[in-house]
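# Fold and contact review
One letter stands for each residue in the lines below.
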Amino acid sequence: MKLSVRFAGLTALAALLATACAPQTSSNSSSDKDEKTGTLRVWLFQEVGNAPKQKVVDSVVAGFEKAHQGTKVDVEYIPVDTRAQRVKAAFNDPASAPDVMEYGNTDTAGYVKDGGLLDVTKEFGAWGEAKDTDPTAKQSVTVDGKLYGAPFYVGVRALYYRTDVFKELGLSVPRTMDELAAAAREIRAARPELYGLVVGGAYTYGAMPFVWANGGELANGKSGSYASGIDSPQARKGIKAYTSLFGDDNCPAAKCAGMGGNDTISAFAAGKAGMAIGGDFSHTAVEAGKVKGKYAVVPLPGVKSGSIAPAFAGGNNIGVLKSTSHRTLAVRLMEQLASKKTQSELFDAMGFLPTFTDVRQQVARQEPFVKPFVQTLAAGTKFVPASPAWAQIDSSLVLPTMFQEVISGKKDVAKASDDAAKKMNDAFGSAG
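All figures in this text were calculated on a predicted structure; none of them were measured in a lab.

## Here we look at the sheet that holds strand β6 (residues 150-155)
Pairing within the open sheet is mixed, and its five strands lie in the order β2-β1-β3-β14-β6. Each end of this open sheet is capped by a strand with a single partner; those strands are β2 (71-78) and β6. Recorded for the sheet is a direction-independent mean angle of 20° between the axes of neighbouring strands. Running at roughly 165° to β2, helix α2 (residues 51-67) makes contact with β1 (38-45), β2 and β3 (100-104) of the sheet.

## Topic: the environment of D412
Structurally, the position occupied by D412 is in the loop between α19 (398-408) and α20 (413-431). The class for D412 is partly exposed, based on a relative accessible area of 47%. A distance of 2.8 Å separates a polar side-chain atom of D412 from the backbone nitrogen of K415.

## Details of the nonpolar core
As a rule of thumb, nonpolar side chains are buried together in soluble globular proteins. Of all hydrophobic cores here, the largest spans 137 residues; its most connected members are M101, L197, I230, Y242, M275 and L399. Of all the elements, α20 adds the most residues to this core, at eight residues. In this view, L197 contacts L159, L180, A184, L245, N250, C251, M275, A276 and I277; residues no more than four positions away in its chain are not counted.

## Some points on the packing of aromatic side chains
Scanning all chains against the criterion turns up 17 aromatic pairs. By way of ring pairs, the aromatic residues Y160, F268, Y295 and F373 are connected into one cluster. Its guanidinium or amino end placed over the ring of W43, R86 lies 4.5 Å from that ring's centre, counting from NZ or CZ. The ring centre of F356 lies 5.7 Å from the NZ or CZ of K340, which sits over that ring.

## As for the packing of helix α15 (residues 340-350) against helix α16 (residues 357-366)
Where α15 meets α16, the axes come as close as 10 Å, and the angle between the chain directions of the two elements is 30°. In terms of orientation, α15 and α16 fall into the roughly parallel class. Considering how the two elements wind past one another, α15 and α16 form a crossing that is right-handed. Judged by residue contacts, K340, S344, F347 and D348 of α15 engage D358, V359, V363 and Q366 from α16. Of the residues assigned to the contact of α15 with α16, the class counts are three nonpolar, two polar and three charged.

## Here we look at α16
Helical geometry note: an α-helix holds 3.6 residues per turn, so side chains three or four residues apart project in the same direction. Buried within α16 are the following residues: V359, R360, V363 and A364. Down the axis of α16, the buried set is contained in an arc of 140°. They therefore lie on one face. Lining the buried residues of α16 we find β6, α15 and α17 (371-379).

Scoring rules and cut-offs
Residues numbered from 1 in each chain as written. Predicted model: local features only at pLDDT ≥ 70, side-chain atom pairs only at ≥ 80, totals over all residues. Heavy atoms only, no water. Pairing = 2+ DSSP bridges. Helix = DSSP H or I, 4+ residues; strand = E, 2+ residues; numbered from the N terminus. Axes fitted to C-alpha atoms, helices over the stretch in contact; angles between N-to-C directions. Contact = heavy atoms within 4.5 Å. Buried < 20%, exposed > 50% of the residue type's maximum accessible area, 1.4 Å probe, protein only. Polar contact = N/O pair within 3.5 Å; in protein donor to acceptor, adjacent residues only side chain to side chain. Core = buried A, V, L, I, M, F, W, Y, C linked by side-chain atoms within 4.5 Å. Phe/Tyr/Trp six-rings, centres within 6.5 Å; stacked < 30°, edge-to-face > 60°. Lys NZ or Arg CZ within 6 Å of the ring centre and 35° of its normal. Parallel < 35°, antiparallel > 145°, perpendicular 65-115°, else oblique. Left-handed = near helix turned anticlockwise from the far one by under 90°. Nonpolar A, V, L, I, M, F, W, Y, C, P; charged D, E, K, R; others polar. Arc of directions from axis to C-beta.

Okay, here's the thing in structure tokens:
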């Protein structure tokens, strides 16, 4: 089974690219029609290797059309690099809009503010399978207590490590963040051609587990009234723990400060690092690299021995557009596309981790490499603030800038986090 490289795009890049593209205007059009026949238009994301995904979707569509006589489903796979313009146009012109759409889970709040997504709270509550949805995945479709879609798949990160290097140096698998840092420095000292733990100053979601594990938060509050938490004592402790890994004794700042998540995984896969923080979606790249057969994966350890650091829950959702003239049919199709059966088949086809806890346990038994990621999800994950301001915060590189200012010595942790908090609060305030 091969994992999709596109999956990485919507977990690593959902945070760094896709959210920056949320449309800024909308006609806020809502259709009062609920036609029971006709053509339903669906937009899904084009994967690098799209054929397996399309095969699964085609099966769903065939079953749906058979069950709903007089109904046709037209699926279009849209490229990621043009989706911002496509979605913006769809929100502003219902005639060009699809009825059902796949979207990055960090886009939810922005799309809701723009008036593009339909409130499906009632239907989701009545959907029998919904009770098994992972709580954090459910949070990713929730704004102000209302639901605007169904979770489609989820992705998290864990610790990749070189089994051969650990054996050679007599190292034990780290059980705490302090042990992780110590092991990283031991590897670097004994094997100076390697990064101990390869880290990136632009790798926001590799850094955030250090903040969360130390009790910090990105922000506090609820939609419409968020305040940054990145300048709290707990968050600062996590920032210090992460930025201390940038040095000649582990990952030199000159090389690592500018790295993003993909860069760190590329370095690990190429045999240039003893450890890396990577996602389930990184598996294919690592398997294709020089370390194949010489690595293992465990959950990223937390502060206390045996604990698991909270990870960012990335992934995608399926939603219905507010402008649909086929509300009932569109919601049913959304549920079919996001169903347990479909998610299980998409895992087999693409490696997408299911959002249902029971289905995840099944696939973990089926594919051993999934186990540490499922353990990470079970231990509790974190998500971005459910605010349209997040797109601005993310696209403005507020957090990477903060990390890089500390790494470079330009600012200390207190000053850098104060400045980042101010920028975040300005964005939360302007979002309304």
